[in-house]
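Remarks on the overall topology
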Amino acid sequence: MHRLGTIMDIAGTNDLTYRYMKVLVVCNNAFSKGNGLHTVMQSLIPRLKDAGLEVRLLAAANEDPHGPQPEYPLEHFRFPVFDSLITAHSYGFAKIDDKVIADAVQWADLVHLQEGFPLESRVAQVASKAGKGIVGTFHLYSQNILANALITDKKNFLNDILMYFWRRYAYDYCSDIHCPTETVRKHLIENGFKARMTVISNGIEIPETPVKASIPQSDPIMLLCIGRFAREKSQMTLIEAMRYSRHAGRIQLHFAGKGPLLDKYIKAAHQLMTEGILNHPCLFGFYKGEQLKELARKAYLNIHCATVEVEGMSCLEAIREGTVPLISEGYLAATSQFALDDRSIFPEQNAKVLAEKIDWWIDHPEERLRMGQIYADSARNYDIEKSIARLIEMYRNASAS
């Protein structure tokens, strides 16, 4: 349980007005496991409540009848033709129900939009007419959507069109926008967003006792890659890097996630075994909580290949456990902000350079141990309590506006 006093002290206020603010969180699907938004939602709402705010959720009903449910449940919207693809990516959409939306907005003092889709647009319109404060968080690039429709050019005009609709019909109603990274803030400015923007990491839970980094077993050398199996996550870059690595025979790749490209990756990994490039079979699985922490502690390196990433909390969570990262660097790959020097970044989708960096770290185990501790300590800068306190401060500013 996070202490109310700790968060409010960080926020710099003990004003009871804000402790008991009624915040309506709006998200199409907060319960679909396997994507970053779900992870954020499971942390955000409980911690806001711990800080003394009244928080309710407007979202599609949880399809697990035994799991938690939103206070304002909506039916699921099924897209013709594309529904199976959307589900495979662990996303989902809610049907617009004006009666439920009206009830939810009437209850709230402040509305917090988590996306820019039609649900959020409709809620923003209703909240604006009712004179309610509105803020938003930018969790998702248009490229996250269109890359999985085979539109991989990050500057394609369709991305610009989608960003325009998100801005015009959802985020333009917001007085404030929470940007998880500076990369996001710059991208929104480039796309004409005018709201006041605040850069706040989504944050991770930091243990009270600092992590002590260690070197995992030497053989096989486990390289961990966490993320949804999707085009913009680009896990194939790591698989292809094994063709260039001097240490490929000692390496075991462990992929943690789920998604529509799983079978493709399994086939590609098996081909490396058939060709004798890898001596250890690649492992694939979906893990959460303590399982992921344990995997991170056993990993020699954590490889993050995504070309489109708003923040990359899974990478930061592995860093927290003392695992040195190797992170893709590119136009929309914000995760590279976690790298402490050039030895932990590589050009996006460049398998050869990635292999060279992997080999360097394997050749320098003592430096790997030293930097593992430095990385573990650096993760403490992203304490979720500090993030929640800053978010509450943003709520205060929005209410004052």
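Here's what I pulled together on the structure shown here.

Here we take up the overall build of the protein chain. A tally of regular secondary structure across the protein chain gives 16 helices and 17 strands. Its C-alpha atoms give the protein chain a radius of gyration of 21 Å, within 12% of the compact-globule value 21 Å for 401 residues. C-alpha extents for the protein chain along the principal axes are approximately 65 × 50 × 45 Å. Considering the protein chain as a whole, with its 401 residues, one finds that 56% of them fall into the buried category. Of the contacts formed within the protein chain by residues at least 6 apart in sequence, a portion of 72% connects residues at least 24 apart. Surface accessibility of the protein chain: about 17,400 Å² in total, with carbon and sulfur atoms responsible for 52%. Looking at charge distribution, the protein chain has the averaged site of its 45 positive side-chain charges lying 1 Å from that of its 47 negative ones.

What follows concerns the sheet that holds strand 13 (residues 301-304). In space, the 6 strands of this open sheet follow the order 12-11-10-13-15-17, with parallel pairing throughout. The strands lining the two open edges of the sheet, one partner per strand, are strand 12 (283-285) and strand 17 (345-347). Each strand of the sheet is rotated relative to its neighbour by a mean of 20 degrees, with strand direction disregarded. Where helix 12 (residues 290-298) meets the sheet, its contacts fall on strand 10 (221-226) and strand 11 (251-256), and the angle it forms with strand 10 comes to roughly 140 degrees.

Across all of its chains, the model carries 23 salt bridges by this definition. Residue Asp363 is joined to Arg246 by a salt bridge in which the shortest nitrogen-to-oxygen separation is 2.6 Å. With Asp363 in helix 14 (residues 351-363) and Arg246 in the loop between helix 10 (236-241) and strand 11, this residue pair connects regions lying 117 residues apart in the sequence. Between Arg343 and Asp341 there is a salt bridge, and its shortest N-O distance comes to 2.8 Å. Among the ionic contacts, a cluster of salt bridges with common partners joins Glu294, Arg297, Arg320 and Glu321.

Over its 13 residues, helix 11 (residues 262-274) runs 18 Å from end to end, which matches the ideal 18 Å to within 8%, given 1.5 Å per residue. Those residues of helix 11 that fall on the buried side of the exposure criterion are Tyr265, Ala268, Ala269 and Leu272. An end-on view of helix 11 places all buried positions within 95 degrees of arc, on one side of the element. Away from its buried face by more than 90 degrees, helix 11 exposes Asp263, Lys267, His270 and Thr274. Those residues of helix 11 that are buried are in contact with helix 10 and strand 12.

At a minimum axis distance of 11 Å, the contact between helix 3 (residues 36-50) and helix 16 (residues 384-400) shows a crossing angle of 70 degrees. Here helix 3 is positioned roughly perpendicular relative to helix 16, judged by the angle of their axes. For the pair helix 3 and helix 16, contact is made by Ser43, Leu44, Arg47 and Leu48 and by Ile384, Ile388, Leu391, Ile392 and Tyr395, respectively. Classifying every residue of the contact of helix 3 with helix 16 gives 7 nonpolar, 1 polar and 1 charged.

This part takes up the environment of Ala339. Summarising the element assignment, Ala339 is placed in the loop between strand 16 (332-333) and strand 17. For the pair Ala339 and Ser387, spaced 48 residues apart in the sequence, the C-alpha separation amounts to 20 Å. Not counting the four nearest positions on each side in its chain, Ala339 is found in contact with Ile327, Ser344, Ile345 and Tyr375.

Turning our attention to unusual backbone geometry. Despite not being glycine, Ser234 has its phi angle at roughly 55 degrees, a positive value. Among the structural elements, Ser234 can be located in the loop between strand 10 and helix 10. You can call Ser234 buried: its relative accessible area is 6%. If you check the backbone angles, Gln349 has positive phi at about 60 degrees while not being a glycine. Examined against the element boundaries, Gln349 turns out to sit in the loop between strand 17 and helix 14.

What counts and what doesn't
- Residues numbered from 1 in each chain as written.
- Predicted model: local features only at pLDDT ≥ 70, side-chain atom pairs only at ≥ 80, totals over all residues.
- Heavy atoms only, no water.
- Helix = DSSP H or I, 4+ residues; strand = E, 2+ residues; numbered from the N terminus.
- Rg over C-alpha atoms; globule rule 2.2 N^0.38 Å.
- Buried < 20%, exposed > 50% of the residue type's maximum accessible area, 1.4 Å probe, protein only.
- Contact = heavy atoms within 4.5 Å.
- Areas by Shrake-Rupley, 256 points an atom, 1.4 Å probe, with all protein chains shown as cover.
- Lys, Arg positive; Asp, Glu negative; His and termini not counted.
- Charge placed at Lys NZ, Arg CZ, Asp CG, Glu CD.
- Pairing = 2+ DSSP bridges.
- Axes fitted to C-alpha atoms, helices over the stretch in contact; angles between N-to-C directions.
- Salt bridge = Lys/Arg side-chain N within 4 Å of Asp/Glu carboxyl O.
- Expected span 1.5 Å × (residues − 1).
- Arc of directions from axis to C-beta.
- Parallel < 35°, antiparallel > 145°, perpendicular 65-115°, else oblique.
- Nonpolar A, V, L, I, M, F, W, Y, C, P; charged D, E, K, R; others polar.

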